[in-house]
Amino acid sequence: MLSPDLRLRLIDQATERLGHDLSQASLCLFVRHLRRTDLNHEQWHRCSDLATSGACSHHRARAAAAELVNAGLLERQYARRFPGAKRTHTAYRLLLPDREGAAL
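Rules used in this analysis
Each chain has its residues counted from 1, running along the sequence as written. For a predicted model such as this one, the threshold for reporting local features is a pLDDT of at least 70, and the threshold for listing and counting side-chain atom pairs is 80 or more; totals across whole chains, interfaces and linings nevertheless cover every residue. As a rule here, side-chain values cover all heavy atoms of the structure and leave hydrogens and water aside. Any two strands with at least two DSSP-identified bridges between them are counted as paired. Each helix is a run of H or I in the DSSP string that is no shorter than four residues. Each strand is a run of E no shorter than two, and both are numbered from the N terminus. We call two residues contacting when some pair of their heavy atoms lies within 4.5 Å. Any N or O atom pair separated by 3.5 Å or less is treated as a polar contact, with the protein-specific requirement of one donor-capable and one acceptor-capable atom, and with residues adjacent in sequence counted only for side-chain atom pairs. The term disulfide is used for any two cysteine sulfur atoms that are within 2.5 Å. The angle between two axes is taken between their N-to-C directions and runs from 0 to 180 degrees, where each axis is a line fitted to C-alpha atoms and a helix contributes only its stretch in contact. Reported orientations rely on four angle classes, namely roughly parallel under 35 degrees, roughly antiparallel over 145, roughly perpendicular from 65 to 115, and oblique for the rest. Polarity classes work like this: nonpolar for Ala, Val, Leu, Ile, Met, Phe, Trp, Tyr, Cys and Pro, charged for Asp, Glu, Lys and Arg, and polar for all others, with Gly in that last group.

This next bit is on the sheet that holds strand β1 (residues 45–46). Reading across from one edge, β1-β3-β2 is the order of the three strands in this open sheet, with antiparallel pairing throughout. Bordering the open sheet on either side are β1 and β2 (74–80), each of which pairs with just one other strand. In this sheet, strand β3 (residues 88–94) lies alongside β1 in antiparallel orientation, the contact comprising two bridges. Bridge pairing in β3 links Arg-46 to Ala-91.

Below you can see the structure in the form of structure tokens.
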């Protein structure tokens, strides 16, 4: 679970990047995702989770996730569904800011 202070720091960090690296739609998805009560910074989330919490399409969630990764707010990981599989899936998790506001 994320503390309220950590949620606010993440929102502040995202707001600072609005217009430079981040669109308003991506910021909205990020803030809606942070409202989840079961959110843990160690968990990896699929794009469908972002789409559900952001109330948007899978395509829009993928575009927003790419912006959030480029802005340094999310970390991206490519993984195989099972050993030997040819296809991979993409998972995302939060990058936590340090006390000065930069991502760790």
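On we go.
So, about the pairing of β3. Relative to β3, β2 is paired through seven bridges, and the arrangement is antiparallel. Looking at β3, one finds that Ala-79 is bridged to His-89.

Along the chain, the position of Arg-60 falls in helix α4 (residues 58–70). Taking the C-alpha atoms as reference, Arg-60 lies 9.6 Å from Leu-50; in sequence the two are 10 residues apart. Not counting chain neighbours up to four residues away, the residues in contact with Arg-60 comprise Ser-23, Ala-25 and Ser-26. In terms of polar contacts, Arg-60 uses its side chain to reach the side chain of Ser-26, at 3.2 Å.

Following the criterion strictly, the structure yields zero disulfides and no others. Looking at Cys-28, it has no disulfide partner, and the nearest cysteine sulfur is the one in Cys-56, 8.7 Å off. Unpaired in this structure, Cys-47 has its nearest cysteine sulfur neighbour in Cys-56, at a distance of 7.9 Å.

This part takes up the packing of helix α2 (residues 24–34) against helix α3 (residues 47–54). Direction vectors running N to C along α2 and α3 enclose 90 degrees, while the axes themselves pass 8 Å from each other. With respect to α3, the element α2 is oriented roughly perpendicular. Only Asp-49, Leu-50, Ser-53 and Gly-54 of α3 make contact with α2, whose side of the interface consists of Leu-29, Arg-32 and His-33. Grouping the amino acids of the contact of α2 with α3 by side-chain chemistry returns two nonpolar, three polar and two charged.

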